[in-house]
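# Chains, contacts and geometry: an overview
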Amino acid sequence: MAGLDWTYGVSTLRQWESADYEPSLPVSEKSNPLTRDIDQASAYSIVKMLQLCDSQMFQEEAGTAYQDPQESCVVMSGCGTSGRLAFLISSGFNKALSQLNQSKVYSYIIAGGDRALLSSQEAPEDDPRLGVLSLKKVCEGKKRVLFIGISCGLSAPFVAGQLDFCLQHPEVYMPVLVGFNPAHQARDEPIQDCTFTFHSVVQRMQELAKSQKAFLINPAVGPEAISGSSRMKGGSATKILLEVAFSAAHAATFSNTPITYNGVLEHMKAYERTLDVTYSQTDGITTLVEAAGQSLRCSRHVYYLGWGSLALLGLIDASECTPTFGADYEDVRGFISGGYRELNNNDGPLTSLGPKFSIAHEDFLHLILPCLTDKDTVLLIYTHPDDATEVGNMARRVREKTPNLHAVYHQADGDTAASLQQDDIKKLCLSTLKITWPREALASGTLQHMQRELSTKLVLNAVSTGAHVLKGKIYQNHMIDLQVTNTKLYRRATRLLQKLSACPEENCEEALLKAIYRVDMLTVEMTSSDITTHTCFARNSTKVVPLALVILLTSWSLMEAESHLKQQPIVREAVAQWMW
Ligand code: F6P
């Protein structure tokens, strides 16, 4: 538990709000004072730090107007995790409509198309035109569209382009922006061939918001536990806000329940309790973080085998490890019972795109199980009333190959039938994380399910983040091995190098380019190219930022730095070798 006092006062929790705390950065890019030493924390301390960070989501007053989506089509759009959550939420609410024999009204857009649901596609985030094209395609023939652009950092040009398009066609589109920075911190960097920036779009929306012709939902939820990792709190808060809004709209439309401030508040509180229920299992989560960390440390793998929408959270969490930690797609992988049939994505099966798109349990049994060792960690993720027989069968198959099998499952308090089925599975697992949900008088089945999804997201985010921290992928509380595959990430990498090396910006950018192009001497062609060219090239380079940092901190050549990092991948220690 070293390194952090768990009785932190409110003032410490809110230290990031002070005007002189990292003043040049928007909230979503600031480093969180709570996690400054996460890189040297034990698995238990990592989980406690994440709990404190997540609790910041409920410390802000959003003061937001909630609207009833009244038209025939609701489109949610975003990049990376924001697009993946658009998919998860639209699937969930379309299912709810089907159960009521209503036609589906929700659609999702993710930058880079459906392949981005399962893999890292960072470049399309920079392309506003692509955003507009995909919006037009989804909305063909529609007369009224509620468009919800999600960009946690108020930064993605893909979303800015779509919002700009909506603002130009108010007769059809009602634009809503969801993000987690104050409006004045929206990104103001020029976008290639565009007359607008994200910031100018936000300003236009703020003006229209006064007459309810546009809406901004942008509470600040505090900096991320790992700086800039908006998949964590940003993703959770997106899920909470949109689900609260849509649930209220469904209740108003289908059961005449008026939308009230108190109703919305009660719903938000149910999500706040979700955090309490989840983090009351700190010991169980710690066990999982340690198991996953050990697997990654010896270059083995972590597998999430899930059922229903909880499996989708596994797929999402796994897919994020590549851009976030520079991980290989094989390091952390998710599989879903029923494969693409269960996923039900716009483009159907994507298996032909390559091995990383094999996501069914059958794929796991054919491709992974034969080579599974006890150094790999396997995590079963399910909830009653999922098919306990199927879970049991899978557990037995895995157990034949490795004892390193764990389970995360949810059940309602006092559900004895589920407990009996669970006993058999428990015997096969090294650890089981049982998340028990109190029977709440007001909680509908749908709300309970959404709470279980959020809880699963928190657990898996903790497992994959904690495991990569233990592997040494984090420097203080920054992801050091991030991919530099779009403008936002390029800028973030340069800033990070400045902060960690204390060198001037131009030296940092020079070191970054040397690491991207893998040269000691940059050519004029390289230095005069634009950022898009650099980020395209960086798609095929690995360890770009660690390498640049080592170059800045030592007098090693690129080749020397590369070979030291190969022997000692933890940057702090590689640099220490140079000092000695
Ligand atoms: O560019 C990569 C990334 O940071 C993802 O990790 C993230 O999910 C995505 O961009 C979207 O960011 P935002 O929601 O701030 O637009």
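Since the structure is predicted, the reported quantities are computational estimates derived from the model, not experimental observations. (Residues numbered from 1 in each chain as written. Predicted model: local features only at pLDDT ≥ 70, side-chain atom pairs only at ≥ 80, totals over all residues. Heavy atoms only, no water.)

## Let's talk about the overall build of the protein
Scanning the protein from N- to C-terminus turns up 23 helices and 12 strands. Seen along its three principal axes, the alpha-carbon backbone of the protein occupies a region of about 70 × 60 × 50 Å. When the 580 residues of the protein are sorted by exposure, 59% land in the buried category. A sequence separation of at least 24 residues applies to 77% of the contacts in the protein between residues at least 6 apart. A total accessible area of about 23,900 Å² is found for the protein, and carbon and sulfur atoms account for 51% of it. (Helix = DSSP H or I, 4+ residues; strand = E, 2+ residues; numbered from the N terminus. Buried < 20%, exposed > 50% of the residue type's maximum accessible area, 1.4 Å probe, protein only. Contact = heavy atoms within 4.5 Å. Areas by Shrake-Rupley, 256 points an atom, 1.4 Å probe, with all protein chains shown as cover.)

## Comments concerning the layout of surface pockets
Quantified by volume, the second largest pocket comes out at close to 760 Å³. Lining the second largest pocket are 35 residues, with S120, T322, A327, K356 and Q483 sitting closest to its centre. At the level of elements, α4 (115-118), α11 (308-325) and β7 (332-336) are the ones that each hand at least two residues to the lining of the second largest pocket. No other element matches the four residues that α11 contributes to the lining of the second largest pocket. The residue makeup of the lining of the second largest pocket, split by class, is 14 nonpolar, 12 polar and nine charged. (1 Å grid on protein atoms, 1.4 Å probe; cavity = no way out; pocket = protein on both sides within 12 Å on 5 of 7 lines; lining within 4 Å. Points joined across faces, edges and corners; volume = space filled by probe spheres on them. Nonpolar A, V, L, I, M, F, W, Y, C, P; charged D, E, K, R; others polar.)

## Topic: the environment of L163
Mapped onto the secondary structure, L163 falls in helix α6 (residues 157-168). A sequence separation of 32 residues divides L163 from G131, and the C-alpha atoms of the two residues are 9.2 Å apart. Discounting chain neighbours no more than four positions away, the residues touching L163 are F147, P175, V176, L177, F198, V201 and M205.

## Digging into the domain arrangement of the protein
On domain assignment, one finds that the protein holds domain 1 (72-218 + 229-259), domain 2 (281-474) and domain 3 (480-577). Distance from the C-alpha centre of domain 2 to the C-alpha centre of domain 3: 34 Å. Of the residues lining the interface, nine residues belong to domain 2; the matching set on domain 3 comes to six residues. Of the roughly 520 Å² buried between domain 2 and domain 3 on both sides combined, carbon and sulfur atoms contribute 48%. Of all residues in domain 2, the largest losses of buried area upon contact with domain 3 belong to P323, G472 and K473, amounting jointly to 60% of the total for that side. With a shortest N-O distance of 2.8 Å, K473 and D481 are connected by a salt bridge. Applying the counting rule to domain 2 against domain 3 returns four residue pairs in polar contact (both at pLDDT 80 or more). (Domains from an automatic or database assignment. Buried area = accessible area lost by both parts, 1.4 Å probe. Salt bridge = Lys/Arg side-chain N within 4 Å of Asp/Glu carboxyl O. Polar contact = N/O pair within 3.5 Å; in protein donor to acceptor, adjacent residues only side chain to side chain.)

## Considering the pattern of salt bridges
In total, this model carries 18 salt bridges according to the counting rule given. Notably, a salt bridge pairs E29 with R495, separated by 2.7 Å at the nearest N-O pair. Taken together, the positions of E29 in the loop between α1 (10-13) and α2 (43-55) and R495 in helix α17 (residues 487-501) put the pair 466 residues apart, joining distant regions of the chain. Taking relative accessible area as the criterion, E29 reaches 14% and is therefore assigned buried. The exposure class assigned to R495 is partly exposed, which follows from its relative accessible area of 30%. Each of E29, R492 and R495 takes part in one network of salt bridges that share partners.

## Examining α2
Compared with an ideal rise of 1.5 Å per residue, which puts 13 residues at 18 Å, α2 spans 19 Å between its outermost C-alpha atoms and is within 8% of the ideal. With 10 of 13 residues buried, α2 is to be regarded as a mostly interior element. Those residues of α2 not exposed but buried are A43, S45, I46, V47, K48, M49, L50, L52, C53 and D54. (Expected span 1.5 Å × (residues − 1).)

## Quick notes on unusual backbone geometry
Located in the positive-phi region is D193, a residue other than glycine, with phi close to 60°. With respect to the secondary-structure elements, D193 resides in the loop between β4 (173-178) and α7 (198-209). For Q212, which is not a glycine, the phi torsion comes out positive at approximately 55°.

## Some thoughts on the site of the ligand
Taken together, 15 residues lie around the ligand, and S82, E122, E125, S151 and C152 are the ones closest in. In the environment of the ligand, an oxygen atom lies 2.7 Å from a nitrogen or oxygen atom belonging to the side chain of S82. Protein coverage of the free-state accessible area of the ligand, which is 400 Å², stands at 93%. Of all the secondary structure elements, the ones that give two or more residues to the shell around the ligand are α3 (81-99) and α17. When its residues are assigned to classes, the shell around the ligand shows four nonpolar, eight polar and three charged. Mapped onto the domain boundaries, the shell around the ligand takes at least three residues apiece from domain 1 (72-218 + 229-259) and domain 3 (480-577). (Near = heavy atom within 4 Å.)

## Details of empty space enclosed by the protein
Counted under the stated rule, the structure contains seven cavities of 30 Å³ or more. Put simply, the largest cavity is a space of about 420 Å³. Lining of the largest cavity is provided by 26 residues; of these, E122, E125, G228, S230 and K488 occupy positions nearest its centre. Going through the elements one at a time, α3, α11 and α17 are the ones with two or more residues in the lining of the largest cavity.

## Concerning the environment of A156
Tracing the backbone shows A156 in the loop between β3 (145-150) and α6. Overall, the relative accessible area of 4% leaves A156 in the buried class. Once the C-alpha coordinates of A156 and H384 are considered, the two residues, 228 residues apart in sequence, prove to be 38 Å apart. Residues in contact with A156, not counting those within four places in the same chain, are C79, E125, S151 and F198.

## Remarks on the nonpolar core
What tends to happen in soluble globular proteins is that the nonpolar side chains get buried as a cluster. By size, the foremost hydrophobic cluster in this structure holds 96 residues, and its most contacted members are M76, I148, F246 and Y304. Top element by residues in this core is helix α16 (residues 445-470). It accounts for 11 residues. Three or more residues apiece are contributed to this core by two domains, here domain 1 (72-218 + 229-259) and domain 2 (281-474). For M76, the residues in contact, after removing those within four places along its chain, are A86, I89, S90, Y106, S107, Y108, I109, I148, I150, L242 and F246. Grouped together as the second largest cluster of nonpolar side chains are 36 residues, A515, V544, L552 and V575 included. (Core = buried A, V, L, I, M, F, W, Y, C linked by side-chain atoms within 4.5 Å.)

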